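Chain residues, written in single-letter form:
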Amino acid sequence: MKIIMATSNMDKVREIRQMLEGTDLEILSLKEAGIRVGIEETGTSFDENAAIKAEAVRDATGQLAIADDSGLVIDYLDGAPGIYSSRYMGEDTSYTVKNQAILDQLKEAAPEQRSARFVCSMAIAWPDGHTDLYQGFMEGRIAYEIAGEGGFGYDPIFYLPEYGCTSAQLSPQEKNAISHRGKALRQVVEVLKQHRE
Ligand code: ITT
């Protein structure tokens, strides 16, 4: 079963493909599906933006579409970058620069003030016009320095106290097992499987 995912972010696609290995579900990015739709993320929450993306693709194709809207919520920064995670400091700014800028802003923050979480909202936009939303969270802290080569985006500054490392230092399997995206995707997969039966 091929499902179109309303995304251009190949890091998300890579993680989701790893998690779908061994199932008969396959995802196609917008480019891979040959779909060109301009989607503006005008929502004020992860849920709204996930729905906007999935519905835009469902409306353009008439087929079921899914979407992932995600980001890093830092309590010390009043929830920033949050839904603006990919746009934070400009889409073309490297994550080395973005991550260092966040560390600089938290220079004075004590360990207990460094709480943060990755949030993922996944939407399934069904051909009949309704949309379902599923969420996943991963709790952690903002690190003191950049560490790790795995994952993508803000992973090198996302410290997991129970693992003693950042999410960029986990193997792909370890990250997927505990990540916001993994938790949301497993719910989506259940629903898609049930729908098919
Ligand atoms: P699409 O809308 O095309 O899917 P996008 O990257 O613009 O791609 P979002 O608006 O959902 O998607 O922003 C997600 C951003 O949140 C992403 O670009 C990273 O900066 C951050 N992020 C989300 N999940 C992450 C993860 O697992 N590890 C590190 N950073 C993550």
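Just above sits the structure.
Being a predicted model, the structure only gives us computed values, none of them experimental.

Q: Explain the pairing of strand 4 (residues 115-125) to me, and be specific about the residues and the numbers.
A: Most of strand 4 sits inside the fold, with 10 of its 11 residues counted as buried. Relative to strand 4, strand 3 (residues 65-74) runs antiparallel, the two being bridged by 10 bridges. From the neighbouring strand, aspartate 68 faces strand 4, where its bridge partner is methionine 122. As defined by bridge partners, strand 4 adjoins strand 5 (residues 131-142) across 11 bridges and the pair is classed as antiparallel. Looking at the pairing, methionine 122 lines up with tyrosine 134 of strand 5. With antiparallel pairing between neighbouring strands as the criterion, strand 4 and strand 5 make up a hairpin whose turn holds 5 residues, including glycine 129 at a positive phi of roughly 105°.

Q: How would you summarise the packing of helix 1 (residues 10-20) against helix 5 (residues 180-196) if you had to cite specific residues and measurements?
A: One way to put it is that helix 1 packs onto helix 5 with a least axis distance of 11 Å and a crossing angle of 55°. On the basis of the axis angle, helix 1 is oblique to helix 5. Crossing hand, helix 1 versus helix 5: right-handed. Two secondary-structure elements touch here, helix 1 through Lys12, Glu15, Ile16, Met19 and Leu20 and helix 5 through Arg181, Gly182, Leu185, Arg186 and Val189. Across the contact of helix 1 with helix 5, the residue classes break down as 5 nonpolar, 1 polar and 4 charged.

Parameters and conventions
- Residues numbered from 1 in each chain as written.
- Predicted model: local features only at pLDDT ≥ 70, side-chain atom pairs only at ≥ 80, totals over all residues.
- Heavy atoms only, no water.
- Buried < 20%, exposed > 50% of the residue type's maximum accessible area, 1.4 Å probe, protein only.
- Helix = DSSP H or I, 4+ residues; strand = E, 2+ residues; numbered from the N terminus.
- Pairing = 2+ DSSP bridges.
- Axes fitted to C-alpha atoms, helices over the stretch in contact; angles between N-to-C directions.
- Parallel < 35°, antiparallel > 145°, perpendicular 65-115°, else oblique.
- Left-handed = near helix turned anticlockwise from the far one by under 90°.
- Contact = heavy atoms within 4.5 Å.
- Nonpolar A, V, L, I, M, F, W, Y, C, P; charged D, E, K, R; others polar.

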